[in-house]
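Examining the three-dimensional arrangement
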Amino acid sequence: MNILIVRVSSLGDVVHNMPMVSDIRRHYPDANIDWVVEEGYTGLVRMNPEVRRIIPIALRRWRKSLLSAATRAEIAHFRRQLKLDAYDIVFDTQGLLKTSVVMWMVRLAPGGHRIGLANATEGSGYEPLSRLFHTKSVKVGLHTHAVLRARQVAAQALGYSVDGAADFNMDIPESDSATLPAWLPEVPYAVFFHGTARAEKQWPAADWIQIAGLLAERGLLVLLPWGSDAEKRHAEHLSGHMSNARVLPRLPLMEAVVLAQRAALVIGVDTGLTHIAAAFKRPTIELYCDSPRWKTEGNWSPQIINLGDTGTAPTVEQVAEAINTLAKTADWRKAAGVEPTRE
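Anyway, here's the lowdown on the structure attached to this text. (Residues numbered from 1 in each chain as written. Predicted model: local features only at pLDDT ≥ 70, side-chain atom pairs only at ≥ 80, totals over all residues. Heavy atoms only, no water.)

Overview of the packing of aromatic side chains
Test applied: Classification of ring pairs rests on two measures: the distance between centres of Phe, Tyr or Trp rings, Trp counted by its six-membered ring, which must be within 6.5 Å, and the angle between planes, read as stacked under 30 degrees, edge-to-face over 60 and tilted in between. Helix and strand definitions here come from DSSP, where helices need a minimum of 4 consecutive H or I residues and strands a minimum of 2 consecutive E residues; each element is numbered from the N-terminal end. Summary of the burial criterion: residues with accessible area below 20% of their type's maximum are buried, those above 50% are exposed, and those between are partly exposed, where the area comes from a 1.4 Å probe applied to protein chains only.
Summed over the entire model, instances satisfying the criterion amount to 4 aromatic pairs. With a centroid separation of 4.9 Å and 40° between ring planes, the pair formed by Phe 192 and Trp 208 is classed as tilted. One end of the pair, Phe 192, is in strand S7 (residues 189-193); the other, Trp 208, is in helix H9 (residues 205-217), with 16 residues separating them in the sequence. The pair Phe 192 / Trp 208 is uniform in exposure class, with both members buried.

Structural notes on the pairing of strand S8 (residues 221-224)
Residues in a regular strand point their side chains to alternate faces of the sheet. Heads up, the condition is: Pairing between two strands is assigned when DSSP locates at least 2 bridges connecting them. We call a crossover right-handed when, viewed with both strands directed away from the observer, the connection leading from the first strand over the helix to the second proceeds clockwise.
The two faces of S8 match: Leu 221 and Leu 223 on one face and Val 222 and Leu 224 on the other face are all buried. Looking at chain direction, S7 and S8 are connected through 3 bridges and run parallel. Paired with Ala 190 across the two strands is Val 222, which belongs to S8. A crossover connection joins S7 to the parallel S8 through H9; in handedness this β-α-β unit is right-handed. Sheet analysis places S8 next to strand S9 (residues 245-247), joined by 3 bridges and oriented parallel. Of the residues in S9, the one forming a bridge with Leu 223 is Arg 246. Regarding the hand of the β-α-β motif, the stretch spanning S8, helix H10 (residues 229-240) and S9 is right-handed.

A few points about helix H6 (residues 97-105)
Keep this limit in mind: Contact between two residues is taken to exist if any of their heavy atoms lie within 4.5 Å; hydrogens are not considered.
All of the buried residues in H6 are Thr 99, Ser 100, Val 102, Met 103 and Met 105. Considering only its buried residues, H6 is in contact with strand S1 (2-6), strand S2 (32-38), strand S3 (53-57), helix H5 (69-82), strand S4 (87-92) and strand S5 (108-117).

Things to note about the sheet that holds strand S12 (residues 304-308)
Rules: Working convention: axes come from line fits to C-alpha atoms, limited for helices to the stretch in contact. Angles between N-to-C directions cover 0 to 180 degrees.
Taken in spatial order, the 6 strands of this open sheet run S9-S8-S7-S10-S11-S12, and their pairing is parallel. Each edge of the open sheet carries a strand with a single partner, namely S9 and S12. Put simply, the sheet's adjacent strands are angled 20° from each other on average, direction ignored. Bridge count between strand S10 (residues 265-269) and strand S11 (residues 284-288): 4 bridges; the pairing is parallel.

Right, dumping it as structure tokens:
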């Protein structure tokens, strides 16, 4: 059976679709599973060894130059890639008009199906017109976690039940991990994923500074990544008030993934890189300052602690307690280079 997943963006959403692949593989071990994704996230999907073929799409870039000959040639090449195989099942778990159009362009095998969402979850960007391109639409609950939503769509379409914890099955290919970035410390470190596009989702600078002080007492270096000029200024401001912090250079996506994968501790707001750390089951504290926790909270490992909710930002005391809880676990102690205590 040939299966194609159309989930083009965003960073966190692509990660949250990985367990769907594991479920399909467990129930259909001989299936070929391909994936259409934005060109910037191909490295992310390549981390899942169960994905056979990745078909890059460049919607964000193409929109800026639709009339150019080069763009038209790229779109034609993309359409040819979609038709290399005939697919028995095409999944659109994004529920947008643009992704359903991509689904419609795919060549189906005889008796094949285009399957997508029948409805929105609360606060999602779902577009009802996308259903016009489905042969089957799957209804999900109004408050269905992003990971479970994708898993349920596949399960209902392929005739099995969702069971067990989410398995992200992500690892950095050996070819990418052979040479570690020069900025990567040789000592254990914590990462603060402090940047987010929406100001309401940010955590106060004073609170980050207090937590850095607590980690300094534990001898833990704090690394501060950034993805925009504003985030860089914020990182530099934080670093100026922390004795144990280092501002990183601007990182390409896969180096940011290495940063999350190797951290002894990750503390981050509701953003894609925080969710990547949780997918790796790193000791992670997710901070929900003004977004619904039920949508994306890491609920598949005791190494992940979720704090806050819409309109209720976590307190410094809650984060400090979470650090103490994680510091008692074997995984945290191993990542932080702390020798286990003899009983």
